[in-house]
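# Descriptive structure summary
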Amino acid sequence: SCCFIADFKSSFYNSLVMGLLPLSNIDSYACNNLVTNNEFNSGSSPWNYYNNSGASGFFTLDNSSQLSGVNSGRINITNSTGNIWHLGMYQSNLSIQTGKLYEVSFMAKASYNKTIGVTFQDINNGWSSFQYSEFGLTTSTQTITYYFTSNVTTTNSTINFLLGLNNATTWI
């Protein structure tokens, strides 16, 4: 399953499967997921697959290698250029606010060890990246969680999984 991005305002986040959560106003009890279809249970929309500069592959839904929901997103990479950003998947139209602390959490695995990147970009500002992190995947399902404080306010941010470093099939 994929990233869950939410306005987080209580301590019940441990029960959430995936999350990007602004951690402010802890005393209230609201959780508003900013990512749509975070576990691919409703197909692949609004997720977008892309490849650039000679990288190639394809995105499919996989109901045999679920990570938490009914489906996982499976990205088969047939030709890697060795550049992490040449192939990946993203979701746009996310509202992010300056000064908020976000928790990002997702489950993933690969057919063999690989490094992936996760970046947040502001589409309204030339796709400029305002947060970037890298993680090592193995053949075992992992839950990856990290935090960042946004220095950008935008209503059209993307979360972008950068998967093009090698040909390992990746499940998110």
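Our structure is the block above this text.
Quick look at the structure, then. Here the residue numbering is sequential within each chain, running from 1 through the sequence in written order. Only residues with pLDDT of 70 or above have their local features reported here, since the model is predicted, and side-chain atom pairs are shown and tallied only from 80 upward, although totals for entire chains, interfaces and linings are computed over all residues. The basis for the side-chain values is all heavy atoms of the structure; hydrogens and waters are excluded.

Turning next to the overall build of the protein chain. Strands here mean DSSP runs of E at least two residues long; helices mean DSSP runs of H or I at least four residues long; both are numbered from the N terminus. When you go through the protein chain residue by residue, the secondary structure sums to 0 helices and 13 strands. Listed N to C, the secondary structure of the protein chain is β-β-β-β-β-β-β-β-β-β-β-β-β in terms of helices and strands. A total of 172 residues make up the protein chain; the buried ones form 52% of that total. When contacts within the protein chain are restricted to residue pairs at least 6 apart in sequence, long-range pairs at least 24 apart make up 71% of them. For the protein chain, the accessible surface area stands at approximately 7300 Å², while carbon and sulfur atoms represent 46% of it. Only protein chains enter the accessibility calculation, which uses a 1.4 Å probe; a residue whose area is less than 20% of its type maximum is buried, one above 50% is exposed, and one in between is partly exposed. Note on contacts: a residue pair is in contact if any heavy atoms of the two residues lie within 4.5 Å. For the area figures, the Shrake-Rupley method with a 1.4 Å probe applies, and any residue is considered shielded solely by the protein chains shown.

Attention now moves to the packing of aromatic side chains. Two rings belonging to Phe, Tyr or Trp (six-membered ring only in the last case) form a pair when the distance between their centres is within 6.5 Å. Interplanar angles under 30 degrees mark stacking, angles over 60 mark edge-to-face geometry, and anything in between is tilted. Going through the model one piece at a time under the given rule, you end up with 11 aromatic pairs. Aromatic pair Trp47 and Phe161: ring centres 6.3 Å apart, planes at 50°, arrangement tilted. Residue Trp47 is located in the loop between β3 (31–33) and β4 (48–51), and its partner Phe161 is located in strand β12 (residues 154–162); the two are separated by 114 residues in the primary sequence. On the numbers, 6.3 Å between centres and 40° between planes, the contact of Phe120 with Phe130 is tilted. Taken as a pair, Phe120 in strand β9 (residues 114–122) and Phe130 in strand β10 (residues 128–137) lie far apart in primary sequence, 10 residues in all. Of note, Lys109 hangs over the ring of Trp171, and the distance from its end group to the ring centre comes to 5.2 Å. Should the NZ of a Lys or the CZ of an Arg lie within 6 Å of a ring centre and within 35 degrees of the ring normal, that charge is described as sitting over the ring.

Let us look at the pairing of strand β7 (residues 87–96). For β7, a buried count of 7 out of 10 residues is recorded, marking the element as mostly surrounded by other parts of the structure. Two strands qualify as a pair provided DSSP detects at least 2 bridges between them. When β4 meets β7, the two strands line up antiparallel, connected through 4 bridges. Paired with Asn51 across the bridge in β7 is Leu87.

Our next topic: the pairing of β10. Bridge analysis of β9 against β10 gives 9 bridges, and the strand direction is antiparallel. Bridging from a neighbouring strand, Lys114 pairs with Leu137 of β10. What sits between β9 and β10 in their antiparallel hairpin is a turn of 5 residues, with Gly126 showing a positive phi close to 65°.

For the rest of this paragraph, the subject is the environment of Ser56. For Ser56, the location among the structural elements is in strand β5 (residues 56–62). Once the C-alpha coordinates of Ser56 and Leu87 are considered, the two residues, 31 residues apart in sequence, prove to be 7.3 Å apart. Once residues lying within four places of it in the same chain are set aside, the contact partners of Ser56 are Tyr49, Asn51, Ile77, Thr78, Asn79 and Leu87. At 2.9 Å, the side chain of Ser56 forms a polar contact with the side chain of Thr78. In protein, a polar contact means a hydrogen-donor-capable atom and an acceptor-capable atom, both N or O and within 3.5 Å, with residues adjacent in sequence counting only if both atoms are side-chain atoms; elsewhere, any N or O pair within 3.5 Å suffices.

Another point: the sheet that holds β9. Judged by pairing direction, the sheet is antiparallel, and its 5 strands sit side by side in the order β4-β7-β12-β9-β10 without closing on themselves. Sheet topology places β4 and β10 at the edges, where each strand pairs with a single neighbour. Between one strand axis and the next, the sheet turns by 25° as a mean value, whatever way the strands run. What counts as an axis is a line fitted to C-alpha atoms, over the stretch in contact for a helix, and the angles between N-to-C directions run from 0 to 180 degrees.

In short, geometric facts, not functional conclusions.
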